[in-house]
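The chain contents come next:
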Amino acid sequence: VGGKDVTVKDNGDGSIGVQQEIEGGGAILFENSYASTGSTVIQGTKSLTGRDLEDGQFEFVLKEVGGELELTATNDALGNVAFPTLVYTEDDVDPTTHKGEVTYQMRERVTAPESGYTYSEVVYTVKVSLTDNGDGSITAAEPVITYVDEEGVTQTVNEALFENAYNSEGGL
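First things first, this report covers the structure right here in the doc. (Residues numbered from 1 in each chain as written. Predicted model: local features only at pLDDT ≥ 70, side-chain atom pairs only at ≥ 80, totals over all residues. Heavy atoms only, no water.)

## Some remarks on the nonpolar core
Within the largest apolar cluster, 26 residues are counted, with the highest numbers of intra-cluster contacts made by Ile42, Leu62, Phe83, Tyr88, Tyr104 and Met106. Secondary-structure elements contributing two or more residues to this core are strand 5 (59–64), strand 6 (70–74), strand 8 (86–89), strand 9 (99–109) and strand 11 (123–132). Setting aside residues up to four positions removed in sequence, tyrosine 88 forms contacts with Ser36, Thr37, Gly38, Ser39, Thr40, Val102, Tyr104, Val128, Leu130, Ile138 and Ala140. (Core = buried A, V, L, I, M, F, W, Y, C linked by side-chain atoms within 4.5 Å. Buried < 20%, exposed > 50% of the residue type's maximum accessible area, 1.4 Å probe, protein only. Helix = DSSP H or I, 4+ residues; strand = E, 2+ residues; numbered from the N terminus. Contact = heavy atoms within 4.5 Å.)

## Considering the sheet that holds strand 7 (residues 80–82)
Strands belonging to one sheet form pairs held by backbone hydrogen bonds; the direction of such a pair is parallel or antiparallel. Reading across the sheet, the four strands line up as 7-4-15-10 and stay open at both edges, with mixed pairing between neighbours. Each edge of the open sheet carries a strand with a single partner, namely strand 7 and strand 10 (117–118). When strand 4 (residues 43–49) meets strand 15 (residues 161–166), the two strands line up parallel, connected through five bridges. Of the residues in strand 15, the one forming a bridge with threonine 49 is alanine 165. (Pairing = 2+ DSSP bridges.)

## Focus: the pattern of salt bridges
All told, the structure shown has three salt bridges when counted by the stated rule. Close ionic contact of glutamate 108 with lysine 46 constitutes a salt bridge, the shortest N to O distance being 2.8 Å. In this pair, glutamate 108 is assigned in strand 9 and lysine 46 in strand 4, connecting sequence segments 62 residues apart. By the burial criterion, glutamate 108 is buried, and lysine 46 matches it. The residue glutamate 70 makes a salt bridge to arginine 109 at a minimum N-O spacing of 2.9 Å. Taken together, the positions of glutamate 70 in strand 6 and arginine 109 in strand 9 put the pair 39 residues apart, joining distant regions of the chain. Exposure remark for glutamate 70: the relative accessible area of 41% places this residue in the partly exposed category. Connected through shared salt-bridge partners, Glu59, Glu70 and Arg109 make up one network. (Salt bridge = Lys/Arg side-chain N within 4 Å of Asp/Glu carboxyl O.)

## Points about the layout of surface pockets
Volume-wise, the largest pocket comes out at about 240 Å³. Ile42, Gln43, Gly44, Ile145 and Glu159 are the residues nearest the centre of the largest pocket, which is lined by 15 residues in total. Going through the elements one at a time, strand 4 and strand 7 are the ones with two or more residues in the lining of the largest pocket. Counted by class, the lining of the largest pocket contains eight nonpolar, five polar and two charged residues. Roughly 170 Å³ of volume is contained in the second largest pocket. (1 Å grid on protein atoms, 1.4 Å probe; cavity = no way out; pocket = protein on both sides within 12 Å on 5 of 7 lines; lining within 4 Å. Points joined across faces, edges and corners; volume = space filled by probe spheres on them. Nonpolar A, V, L, I, M, F, W, Y, C, P; charged D, E, K, R; others polar.)

See below:
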């Protein structure tokens with residue numbers, strides 16, 4: 001049996017380089033694999049004037065732009081809206097730059113409007129920038145939230161706020 005000298009070197013980019021010298025010929029096969037994950041939660045806020053907000057009263061949709069992912073969430077009694085956790089993998093980042101970006105649209109879903117309510121029609125664009133840290137983890141930056149105002153100007157905001165109002169009709 002011949003001797004085998006193998007030098008393994010970390011290339012610093014998530015890959016390993018191998019140099020081999022095999023006495024008498026032959027081959028050694030090295031297979032590398034790499035996996036990374038990260039996650040984030042996208043949130044919004046619901047406000048209602050003219051009536052107390054109820055838990056689960058309004059429904060919201062988060063849809064990936066150019067993708068198939070569509071999530072729904074409802075508000076709690078305090079107006080908090082939290083979509084299920086979004087999980088990212090190495091497939092969501094460029095293997096060369098180790099960066100990625102995922103864009104979503106968030107809106108209120110009104111399937112059966114109730115009398116007396118005015119509903120928010122704003123559609124928010126939510127961009128999440130991703131960085132593969134090379135150690136099996138992906139960092140999802142704080143989402144950048146924008147919407148287009150009534151004059152056609154894109155506005156960047158700190159939160160996705162959906163404002164509804166209730167005005168009872170009739171009276172005594």
